[in-house]
Each structure stands twice: as structure tokens, then as C-alpha cells.
Amino acid sequence: MERPICKYPKLKGKIIEVFGSITDFSIQMNKTPTTIGSKLNGKSPWKLPEIDTACELLKISPAERHDFF
């Protein structure tokens with residue numbers, strides 16, 4: 001089985017840069033790593049409140065938001 005392509009490579013890089021792992025980020029988001037992985041792989045959509053929380057945690061400014069989402 002092929003590995004899914006990350007639909008949000010810049011976001012994934014920022015998560016690793018700030019938190020060190022998807023798992024640590026998902027804990028702060030109150031989500032499971034599987035849920036965050038599904039979102040990063042484009043299998044489930046990001047909801048606006050999740051985007052707001054992620055931007056806050058990752059210190060992504062409103063001007064940069066479209067670069068990541």
C-alpha cells in the first residue's frame with residue numbers, strides 16, 4: 001500500500017519545527033495523532049475552530065495563514 005501524500009507539507013514542517021512531533025501537537029489540539037494525520041493527508045477537512053487553534057499554537061499570523069491552510 002502506498003503512503004498517502006501530505007496535502008499540507010508546509011504545515012507539517014511547522015508542526016515538527018514547533019512541537020517536535022505530530023503526537024505532541026495533537027495533544028495540544030485535543031485530537032488523536034490519527035485525526036491530525038488524516039487532516040494533514042487531506043482525508044478529513046480542517047474546521048475553522050481547529051485552524052484558529054492550530055495557528056495560535058504554531059504562532060502563525062493571519063497574514064501567513066493562507067500559506068499553511
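Residues numbered from 1 in each chain as written. Predicted model: local features only at pLDDT ≥ 70, side-chain atom pairs only at ≥ 80, totals over all residues. Heavy atoms only, no water.

**Q** Give a description of the environment of Pro62 that names residues and reports values.
**A** With respect to the helices, strands and loops of the structure, Pro62 is situated in the loop between α4 (48–58) and α5 (65–68). Through-space distance from the C-alpha of Pro62 to that of Asp52 is 9.5 Å; in sequence the pair is 10 residues apart. (Helix = DSSP H or I, 4+ residues; strand = E, 2+ residues; numbered from the N terminus.)

**Q** I'd love a proper account of the nonpolar core, names of residues and values included.
**A** Ranked by internal contacts, the top residues of the largest apolar core, which has 14 residues, are Leu11, Ile15, Phe25, Ile36, Leu40 and Trp46. Ranked by residue count, the leading element in this core is α4, at 4 residues. Sequence-distant contacts of Leu11, that is, excluding residues within four places in its chain, are made with Leu40, Trp46, Leu58, Ile60, Phe68 and Phe69. (Core = buried A, V, L, I, M, F, W, Y, C linked by side-chain atoms within 4.5 Å. Buried < 20%, exposed > 50% of the residue type's maximum accessible area, 1.4 Å probe, protein only. Contact = heavy atoms within 4.5 Å.)

**Q** Explain the packing of aromatic side chains residue by residue, including any values.
**A** Under the defined criterion, the tally for this structure stands at 4 aromatic pairs. Aromatic pair Tyr8 and Phe69: ring centres 6.3 Å apart, planes at 50°, arrangement tilted. On the criterion of sequence distance, the pair formed by Tyr8 in the segment before α1 (9–19) and Phe69 in the segment after α5 is long-range, its members being 61 residues apart. We classify Phe69 as partly exposed; its relative accessible area is 26%. (Phe/Tyr/Trp six-rings, centres within 6.5 Å; stacked < 30°, edge-to-face > 60°.)

Everything listed is a geometric property; what it means functionally is a separate question.
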